[in-house]
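One-letter residues, chain by chain:
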Amino acid sequence: MNDLTTPSVNAQIANTGTALLAFNPLSTYVSMGRSRIYALIDDGGFPPPIKIGRSSRWLKTEIDSWITEQAAARQSIQAGA
């Protein structure tokens, strides 16, 4: 049984182009818990899920773009300090 924290599972997530991520892999991928993710979504600061029936899924490409934006914002803040 694979644990979501093992490198092989993280590598599988990282290498799946337009994959849909369920909550648990998403949470592991961005290192945030449920309340933080949903608070960011409510504030417009995190990509909202795609609803498939009662399930929520996130496009990995959108999550990767969000991560890139966070890194760029950090760099601009550090450059201005």
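A short tour of the structure in this document, coming up. (Residues numbered from 1 in each chain as written. Predicted model: local features only at pLDDT ≥ 70, side-chain atom pairs only at ≥ 80, totals over all residues. Heavy atoms only, no water.)

## Comments concerning the overall build of the chain
Alright, step 1. Each helix and strand counted, the chain has four helices and three strands in total.
Alright, step 2. For the chain, the sequential pattern of α-helices and β-strands runs α-β-α-α-β-β-α.
Alright, step 3. Residues counted as buried form 25% of the 81 residues belonging to the chain.
Alright, step 4. Long-range contacts, defined here as pairs at least 24 residues apart, represent 43% of the contacts in the chain between residues at least 6 apart.
Alright, step 5. Accessible surface computed for the chain: about 5400 Å², of which carbon and sulfur atoms make up 54%. (Helix = DSSP H or I, 4+ residues; strand = E, 2+ residues; numbered from the N terminus. Buried < 20%, exposed > 50% of the residue type's maximum accessible area, 1.4 Å probe, protein only. Contact = heavy atoms within 4.5 Å. Areas by Shrake-Rupley, 256 points an atom, 1.4 Å probe, with all protein chains shown as cover.)

## Focus on helix H2 (residues 23-30)
Every α-helix carries 3.6 residues per turn, so stepping three or four residues along brings you back to the same face.
Alright, step 1. Listed as buried for H2 are Phe23, Pro25, Leu26, Ser27 and Val30.
Alright, step 2. Backbone geometry just after H2 places serine 31 at a positive phi near 55 degrees.

## What to know about the nonpolar core
Alright, step 1. Residues Leu21, Phe23, Leu26, Val30, Met32, Ile37, Leu40, Ile41, Phe46, Trp58, Ile63 and Trp66 constitute the largest nonpolar core, which totals twelve residues.
Alright, step 2. Looking at this core, the elements that each hand over two or more residues are H2, helix H3 (34-42) and helix H4 (60-80).
Alright, step 3. When residues no more than four places from it in sequence are discounted, the contact partners of tryptophan 66 are Val30, Met32, Leu40, Gly45, Phe46 and Pro47. (Core = buried A, V, L, I, M, F, W, Y, C linked by side-chain atoms within 4.5 Å.)

## Structural notes on the sheet that holds strand S1 (residues 20-21)
Adjacent strands of a sheet form backbone hydrogen bonds with each other and so pair up, either parallel or antiparallel.
Alright, step 1. Spatial ordering of the open sheet is given by S1-S3-S2, a layout of three strands whose pairing is antiparallel. At either end of the open sheet lies a strand with only one pairing partner, and these are S1 and strand S2 (50-52). (Pairing = 2+ DSSP bridges.)

## Some words on a nonpolar patch on the surface
Alright, step 1. Together, Leu20, Ile50 and Ile52 make up an exposed nonpolar region whose accessible area comes to about 230 Å².
Alright, step 2. Here leucine 20 is to be found in strand S1. (Patch = residues over 30% accessible without salt bridge, like charges linked within 9 Å, V, L, I, M, F, W, Y side chains within 5 Å. Salt bridge = Lys/Arg side-chain N within 4 Å of Asp/Glu carboxyl O.)

## Quick look at unusual backbone geometry
Alright, step 1. With a phi close to 55 degrees, serine 31 is a non-glycine residue in the positive phi region.
Alright, step 2. Relative accessible area serves as the criterion here: at 65%, serine 31 is assigned to the exposed category.

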